[in-house]
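For reference, the chains in residue letters:
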Amino acid sequence: WVDLDYLFVARAGRKAGIPVVTALDNRWTGRLLQQIKTVVGNCIVRRCFSHVQVAGQEQYQFARKLGFTPNRILKNLYSADVGLFSEVFKGRAALGDSSFSRRLIYVGRLHPNKGLDILLEAWKISRVSNGHEWSLDIIGNGPMERSIKSDSGVELFGFMEPEEIVVHARGGGVFVLPSRREPWGVVVHEFCAAGFPLILSSNVGAASEFLIPGYNGYSFKSGSTESLSNCVQRMIKHSEKELLKMGQRSSELSRRITPSISAGSLLQPLG
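Below, the structure is looked at part by part. Treat the numbers as computed from the prediction; the structure is a model and nothing was measured.

What counts, and at which threshold
Residues numbered from 1 in each chain as written. Predicted model: local features only at pLDDT ≥ 70, side-chain atom pairs only at ≥ 80, totals over all residues. Heavy atoms only, no water. Pairing = 2+ DSSP bridges. Helix = DSSP H or I, 4+ residues; strand = E, 2+ residues; numbered from the N terminus. Axes fitted to C-alpha atoms, helices over the stretch in contact; angles between N-to-C directions. Contact = heavy atoms within 4.5 Å. Phe/Tyr/Trp six-rings, centres within 6.5 Å; stacked < 30°, edge-to-face > 60°. Buried < 20%, exposed > 50% of the residue type's maximum accessible area, 1.4 Å probe, protein only. Lys NZ or Arg CZ within 6 Å of the ring centre and 35° of its normal. Core = buried A, V, L, I, M, F, W, Y, C linked by side-chain atoms within 4.5 Å. Expected span 1.5 Å × (residues − 1). Arc of directions from axis to C-beta.

1. Section: the sheet that holds strand β5 (residues 135-139)
- Read from one edge of the open sheet, six strands run β6-β5-β4-β7-β8-β9, paired in parallel fashion. Either end of the sheet is taken by a strand with one partner, and the two such strands are β6 (154-157) and β9 (217-220). Direction aside, neighbouring strands of the sheet carry axes that sit 20° apart on average.
- Relative to strand β8 (residues 198-201), strand β7 (residues 174-177) runs parallel, the two sharing three bridges. Pairing of L177 across the sheet is with L200, part of β8.
- Packed on one face of the sheet, helix α10 (residues 225-236) meets β4 (103-107), β7, β8 and β9 and runs near 170° to β9.

As structure tokens, this is what we get:
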């Protein structure tokens, strides 16, 4: 939206009567800057774009604030490769309780915005408080890589392609995403499809579609070590049977959006 050449081409398409669809994954938070953007949006954005495709509920709210009417808002912008990641759940479901590994898994950039410092501190607190034998797998790369030590139950892995992540995830566990800012997070959908219970910060956009607190995981206050630690400790107290049940619920929720649903949402007749 800040590229003037891009806006010029989009505006030309609109003048020619061609449907022009933009994408929106920013969450509506109601902050002052966003409110200012909605004023600008009503003046500029709708002159350049006939429709908007949004990722989830909070993005839908933002689109409405920008002045798009419901019939001009397409949904399901993003989808994980549900077929690929669901193979993880199918394989574990056949094994029963014995398939569950007591570990947390984080996948993403090793960046302060991802809340890794909070995760590591909450991890230490949970180990001191409970003396559990869970492990924490961190998968990814980035500027924080050198500051993360593989000790105290923490193991650092490098960047992995989706197919490699699927192999790593076969043992099961709980997925955690402690981001300070995460407009969406397709990785949440991936691990939901893989049948993992979830622990997500309150700033993870994909939680609106794939997390029901207490049903298939927990949500914690973004930026709060104490809140995340409490969620971790609640999770590790569950039995394998309870955790597998949460994972089954995640698998069911993952089917809310699939690649075909996402494509169909975009390719519907535009009015």
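2. Points about the packing of aromatic side chains
- Evaluated as defined, the whole model comprises five aromatic pairs.
- Between the aromatic rings of F175 and F191, the centroid separation amounts to 4.5 Å while the plane-to-plane angle is 10°, which identifies the pairing as stacked. With F175 in strand β7 and F191 in helix α8 (residues 186-193), this residue pair connects regions lying 16 residues apart in the sequence. Neither residue differs from the other here; F175 and F191 are each classed as buried.
- A ring pair is formed by F191 and F196, whose centres lie 5.0 Å apart and whose planes are at 85°; its orientation type is edge-to-face.
- Given the relative accessible area of 1%, F191 is considered buried.
- The structure contains a cluster of three or more aromatic residues connected by ring pairs, namely F175, F191 and F196.
- Above the plane of the ring of Y60 lies K75, whose end atom (NZ or CZ) is 5.3 Å from the centre.

3. Overview of the nonpolar core
- Among the nonpolar cores identified, the biggest contains 60 residues, and L104, F175, V188, F191, I199, L200 and L228 are the most heavily contacted of them.
- Broken down by element, this core gets its largest block of residues, six residues, from helix α6 (residues 116-130).
- If near-sequence neighbours (up to four positions away) are discounted, I199 is found in contact with L104, V174, F175, V176, L177, Y218, F220, L228, C231, V232 and M235.

4. Here we look at the pairing of β5
- Of all five residues in β5, four are buried, a share of seventy percent or more.
- As judged from the five bridges shared by β4 and β5, these two strands associate in the parallel manner. Bridge assignment links V107 to a residue of β5, and that residue is I139.
- Where β5 lies against β6, four bridges are found, and the strand directions are parallel. Across the sheet, the residue bridging to L136 is V154, located in β6.

5. Describing helix α5 (residues 82-93)
- Along its 12 residues, α5 runs 16 Å from first to last C-alpha, staying within 8% of the 16 Å computed at 1.5 Å per residue.
- All of the buried residues along α5 are V82, F85, S86, V88, F89 and R92. Summarising the axial view, the buried residues of α5 lie within an arc of 135°, below the 170-degree limit, and thus occupy one face.
- Check the buried side of α5 and you find it contacts α7 (162-169), α8, α11 (240-254) and α12 (259-267).

6. Notes on helix α4 (residues 57-65)
- All buried positions along α4 are accounted for by Q59, F62 and A63. The buried residues of α4 occupy an angular sector of 100° when the element is viewed end-on, so they sit on one face.
- Next to the buried residues of α4 lie β1 (21-24), α2 (32-43), β2 (51-54) and β3 (73-74).
- Looking one or two places after α4, you find G67, whose phi comes out positive at around 100°.

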